[in-house]
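As a plain string of letters, each chain reads:
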Amino acid sequence: MSDNKELLKGKQEEVINQIVIILNLDNKQKYSLYELNHDSKIQNQIIELLPEIRKWFSLNVLVASRRRTLVSLPWMIILKTVLNTKFTIEIKEEKIKIMEKKWIIGPVYTFERK
C-alpha cells in the first residue's frame, strides 16, 4: 500500500473515531431519530467535522457536505456514510418514550461494529 493510501486510511479512521466519541458508541449503540434530531450538540459536533470529512472522504458519496441547505438532515447522512465502513447500521421502527406519558413511533438506529 502506498504512503498516500495509508495516510488517507489513517485520516479516515481518525474522523470515524471522532464520530464514535461524539456518539459515545462504545457505551451506547442505539439512537432514535427523535433523540438525535433534538440533540443540537451532537449535530453541531458532526457538522464541525465537515472540513476534515471533505478533505479525507469522497465528495461523490457525501452530498450533504456540499449542499447542507438542500438536505434536511445533513448530519445523519454524514453519520451513515462515514460510519458505514466500520459499522453496520440497522434501522427499525420502534415505540419511543419522549415524555412521561407520551410515546411516538419512529426510526431507531443501531450501530454495530463490523
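A. Structural detail: the sheet that holds strand β3 (residues 102-113). With antiparallel pairing, the three strands of this open sheet are ordered in space as β1-β3-β2. Strands with a single pairing partner mark the edges of an open sheet, and in this sheet they are β1 (30-32) and β2 (87-99). Averaged over all pairs of adjacent strands, the angle between their axes in this sheet comes to 30°, without regard to strand direction.

B. Expanded view of unusual backbone geometry. For Asn 24, which is not a glycine, the phi torsion comes out positive at approximately 55°. Here Asn 24 is to be found in the loop between α1 (3-23) and β1. Judged by its relative accessible area of 36%, Asn 24 is partly exposed.

C. Up close: the packing of aromatic side chains. Following the criterion strictly, the structure yields zero aromatic pairs and no others. Its end group placed over the ring of Trp 103, Lys 95 keeps NZ or CZ at 5.6 Å from the ring centre.

D. Representation of the pairing of β3 within the structure. As judged from the three bridges shared by β1 and β3, these two strands associate in the antiparallel manner. Looking at β3, one finds that Ser 32 is bridged to Val 108. Both β2 and β3 contribute to a ladder of 12 bridges, which runs antiparallel. Bridge assignment links Glu 90 to a residue of β3, and that residue is Thr 110. Counting the residues that bridge the hairpin from β2 to β3 gives two residues.

Parameters at a glance
- Residues numbered from 1 in each chain as written.
- Predicted model: local features only at pLDDT ≥ 70, side-chain atom pairs only at ≥ 80, totals over all residues.
- Heavy atoms only, no water.
- Pairing = 2+ DSSP bridges.
- Helix = DSSP H or I, 4+ residues; strand = E, 2+ residues; numbered from the N terminus.
- Axes fitted to C-alpha atoms, helices over the stretch in contact; angles between N-to-C directions.
- Buried < 20%, exposed > 50% of the residue type's maximum accessible area, 1.4 Å probe, protein only.
- Phe/Tyr/Trp six-rings, centres within 6.5 Å; stacked < 30°, edge-to-face > 60°.
- Lys NZ or Arg CZ within 6 Å of the ring centre and 35° of its normal.

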